Amino acid sequence: MQRKNILAISGSTRKHSSNLNLVKAIEKLYANELSIRIYDGLLNLPQFNPDDDTENPPAPVTDLRKQIKEANGILICTPEYAMGIPGSLKNLLDWTVSSSDFSNKPVVAITASSLGQKAHASLVGTLQVIEARIDESTQLLISFIKTKVNDRQQITDENTLKDVRSTMDAFITVLK
């Protein structure tokens, strides 16, 4: 099987966040099946403004949309901030509404935080509105993430590893 191109988006802007460590752990686990590219432009996206969402949007938005189009699927891994998804991730998703880039695009949504239920519901709801291809099998909520992944990009909790594998295997099935 040819490796599928996946764009991974971490909702955290921290350089060494648990979410980024989790994405890198997944990248290692699935190196034979997936070519995962981590999106690094989250901080460069301007604040969403419908007036700027024209045929010629700002360059960082054009780059984001190009990367989404070129990917076979999207992996989103986000923390919960103030009972919701981080503003920077919501901003990224807002920039994709008019372009329909997520429409029928396979997405795996992982919320990894202290608790995360509210952010997870918000993320999944937004992905459904923008018509991403997501279902129960390609969603995962991981609470207390700091106790389950380390700074060496390893999933250290056996049940979490099992859940990540199950979710990612379902995602790979959708990609075929």
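Along each chain, residues carry numbers from 1 onward, in the same order as the chain's sequence is written. Local features in this predicted model are restricted to residues whose pLDDT is 70 or higher, and side-chain atom pairs enter the listing and the counts only when it is 80 or higher, whereas totals over whole chains, interfaces and linings include all residues. Side-chain calculation: all heavy atoms of the structure are included, whereas hydrogens and water are not.

Trainee: So what exactly am I meant to see when it comes to the packing of aromatic side chains here?
Mentor: Centre distance and the angle of the planes are the two values used to describe a pair of aromatic rings. Think of it this way: a Phe, Tyr or Trp ring, Trp meaning its six-membered ring, pairs with another when their centres are within 6.5 Å, and the plane angle makes it stacked under 30 degrees, edge-to-face over 60, tilted otherwise. Applying the stated rule across the entire model yields one aromatic pair. Note on F48 and W95: the rings are 5.0 Å apart at their centroids and 85° apart in plane angle, and the pair reads as edge-to-face. Pair noted here: F48 is in the loop between strand 2 (34-38) and helix 2 (59-70) and W95 is in helix 3 (residues 87-95), with a separation of 47 residues, a long-range link. On the basis of relative accessibility, which here comes to 25%, the residue F48 falls in the partly exposed class. Working definition: helices are DSSP H or I runs of at least four residues, strands are E runs of at least two. Numbering for both runs from the N terminus. For the exposure calls, accessible area comes from a 1.4 Å probe over protein chains only, and a residue counts as buried if that area is under 20% of its type's maximum, exposed if over 50%, partly exposed in between.

Trainee: What is the right way to look at the side chain of N21 in this model?
Mentor: Relative to the elements of secondary structure, N21 occurs in helix 1 (residues 18-29). Side chain to side chain, N21 and Q153 meet in a polar contact 3.4 Å long. We call two residues in contact when some of their heavy atoms are within 4.5 Å. Once residues lying within four places of it in the same chain are set aside, the contact partners of N21 are H16, V149, N150, D151 and Q153. Under this definition, polar contacts are N or O atom pairs within 3.5 Å; protein pairs additionally need one hydrogen-donor-capable and one acceptor-capable atom, and for neighbouring residues in sequence, both atoms have to be side-chain atoms.

Trainee: How should the pattern of salt bridges be read in this particular structure?
Mentor: Between side chains of opposite charge, a pair can form when the charged atoms approach closely. Salt bridge, as used here, is a side-chain nitrogen of Lys or Arg placed within 4 Å of a carboxyl oxygen of Asp or Glu. Per the stated rule, a full pass over the model turns up three salt bridges. We note a salt bridge from R65 to D53, for which the minimum N-O separation is 2.6 Å. Of the two residues, R65 sits in helix 2 while D53 sits in the loop between strand 2 and helix 2, which places them twelve residues apart along the sequence. For R65, a relative accessible area of 10% puts it in the buried group. In this structure, E70 and K66 form a salt bridge, with 3.0 Å as the shortest nitrogen-oxygen distance. Taken together, the residues span about one helical turn, with E70 and K66 both in helix 2 at a distance of four residues.

Trainee: What am I meant to see in unusual backbone geometry here?
Mentor: A negative phi angle is the norm for most residues apart from glycine, just as the trans form is the norm for most peptide bonds. If you check the backbone angles, N104 has positive phi at about 65° while not being a glycine. Tracing the chain through its elements places N104 in the loop between helix 3 and strand 4 (107-113). The phi torsion at E131 lies on the positive side, around 65°, for a residue other than glycine. Residue placement: E131 occurs in the loop between helix 4 (117-129) and strand 5 (139-143). Residue E131 is classed as partly exposed on the basis of its relative accessible area of 48%.

Trainee: Help me out: how do you make sense of the packing of helix 3 against helix 4 in this one?
Mentor: Closest axis-to-axis distance for the helix 3/helix 4 pair is 11 Å, and the angle between their directions is 10°. Of the possible angle classes, the one that applies to helix 3 and helix 4 is roughly parallel. Contact with helix 3, carried on its side by L89, K90 and L93, involves L123, T126 and L127 of helix 4 and no other residues of that element. Helix axes use the C-alpha atoms of the stretch in contact, all axes being lines fitted to C-alpha atoms, and the angles between their N-to-C directions lie in the range 0 to 180 degrees. Here the angle decides the label: under 35 degrees means roughly parallel, over 145 means roughly antiparallel, 65 to 115 means roughly perpendicular, and every other value means oblique.

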